[in-house]
Amino acid sequence: MTGFIHCNLRVLMAERGLNIQNVKDQTTLSRTTISNLYNNYGSGIQFDTLTQLCTLLKCTPGDLFTFVNVSVSFENITSESKVDTFTELLIEDPAEGYGREFISRIETNLKINFNFKFGEHISNFDFCINTNTVLDEHKNIIDIRKVIPDSFQMELDDLSLKVPVYVVDHIEEQLDQFLFECITDLITTL
């Protein structure tokens with residue numbers, strides 16, 4: 001993925017000594033809308049919302065939003081995935097005592113290539129990651145827990161000293177999305 005939009009509302013509000021309640025009181029915007037922008041959630045913004053924020057903060061849309069030109073990619077380079085499955089018995093009718101088995105948990109060990117570019121900062125290396133995924137009886141993912149290897153965590157810690165924290169957050173979000181897609185693909189083969 002190349003680039004994303006980052007909302008600077010949190011910084012602009014802090015510079016002006018405003019909190020979410022102040023912005024809500026001085027505009028017609030809902031607390032949810034302000035909070036979502038403040039926390040950089042959401043996928044769009046209404047022109048009226050933008051107009052109210054720019055008027056209140058005495059700024060331009062370019063001050064409120066920044067395009068972050070970053071390239072983050074992950075690739076599963078595991079030649080053979082180590083997969084352990086664990087089953088449970090689903091009791092359809094406890095009075096009858098019968099049921100059926102289903103895969104309730106999958107443990108994987110994946111080898112992943114990480115490729116990152118942000119300005120002058122370039123990283124490209126491989127790391128292994130272990131996941132523990134909990135499934136329901138319909139093979140829907142309930143939870144994915146990952147064990148981040150020290151090598152990848154040290155890379156993130158090193159990057160956090162060189163790039164804005166929201167770029168590191170973006171890398172972590174992209175890793176979570178990548179793992180979800182990998183595990184979803186793996187589930188279809190079970």
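What you are looking at is a predicted structure, and each value in this text was computed from that prediction instead of being measured.

Caption draft 1: Spatial organisation of the packing of helix α6 (residues 150–160) against helix α7 (residues 165–188). At a minimum axis separation of 10 Å, α6 and α7 run at an interaxial angle of 150°. Between α6 and α7, the angle falls in the class roughly antiparallel. The segment α6 lies against α7, with Phe152, Leu156, Leu159 and Ser160 engaging Val168, Ile171, Glu172 and Leu175. A breakdown of the residues in the contact of α6 with α7 according to their chemical character gives 6 nonpolar, 1 polar and 1 charged.

Caption draft 2: Inspection of the side chain of Ser104 at higher detail. Take Ser104: it is sitting in strand β4 (residues 98–118). Setting aside residues up to four positions removed in sequence, Ser104 forms contacts with Phe86, Thr87, Glu88, Thr133, Val134 and Leu135.

Caption draft 3: The arrangement of the environment of Gly42 in detail. Along the chain, Gly42 turns up in the loop between α3 (31–38) and α4 (47–57). Residue Gly42 is classed as exposed on the basis of its relative accessible area of 69%. Between the alpha carbons of Gly42 and Cys7 there is a distance of 9.8 Å; along the sequence they are 35 residues apart.

Caption draft 4: Summary view of the pattern of salt bridges. Tallied over the full model, the rule gives 5 salt bridges. Residue Asp143 is joined to Arg145 by a salt bridge in which the shortest nitrogen-to-oxygen separation is 2.9 Å. Judged by its relative accessible area of 26%, Asp143 is partly exposed.

Caption draft 5: Quick peek at α4. Among all positions in α4, only Thr49, Leu50, Gln52, Leu53, Cys54, Leu56 and Leu57 are buried. Just downstream of α4 lies Lys58, where phi reads positive at about 55°.

Caption draft 6: Representation of α6. Turning to α6, its buried residues are Phe152, Glu155, Leu156 and Leu159. All buried residues of α6 lie within an arc of 95° about the axis, which places them on one face of the element. In α6, the exposed residues that point more than 90 degrees away from the buried face are Asp150 and Met154.

Caption draft 7: Local environment of unusual backbone geometry. Phi at Asn40 takes a positive value of approximately 65°, unusual for a residue other than glycine. Among the secondary structure elements, Asn40 is positioned in the loop between α3 and α4. Judged by its relative accessible area of 29%, Asn40 falls in the partly exposed class. Despite not being glycine, Lys139 has its phi angle at roughly 65°, a positive value. Assessed through its relative accessible area of 34%, Lys139 is described here as partly exposed.

Caption draft 8: Structural view of the state of the cysteines. In the structure shown here, the tally under the stated rule is 0 disulfides. Free cysteine Cys182: the closest other cysteine sulfur is in Cys128, separated by 13 Å. The exposure class of Cys182 is buried, given its relative accessible area of 17%.

Caption draft 9: Structural detail: the packing of aromatic side chains. This model, assessed by the stated rule, comprises 10 aromatic pairs. With 6.2 Å between their ring centres and 65° between their planes, Phe74 and Phe152 make a pair best called edge-to-face. Pair noted here: Phe74 is in strand β2 (residues 65–76) and Phe152 is in helix α6, with a separation of 78 residues, a long-range link. Take Phe74 and Phe152: they sit in the same class, and that class is buried.

Conventions we followed
Residues numbered from 1 in each chain as written. Predicted model: local features only at pLDDT ≥ 70, side-chain atom pairs only at ≥ 80, totals over all residues. Heavy atoms only, no water. Axes fitted to C-alpha atoms, helices over the stretch in contact; angles between N-to-C directions. Helix = DSSP H or I, 4+ residues; strand = E, 2+ residues; numbered from the N terminus. Parallel < 35°, antiparallel > 145°, perpendicular 65-115°, else oblique. Contact = heavy atoms within 4.5 Å. Nonpolar A, V, L, I, M, F, W, Y, C, P; charged D, E, K, R; others polar. Buried < 20%, exposed > 50% of the residue type's maximum accessible area, 1.4 Å probe, protein only. Salt bridge = Lys/Arg side-chain N within 4 Å of Asp/Glu carboxyl O. Arc of directions from axis to C-beta. Disulfide = S-S within 2.5 Å. Phe/Tyr/Trp six-rings, centres within 6.5 Å; stacked < 30°, edge-to-face > 60°.

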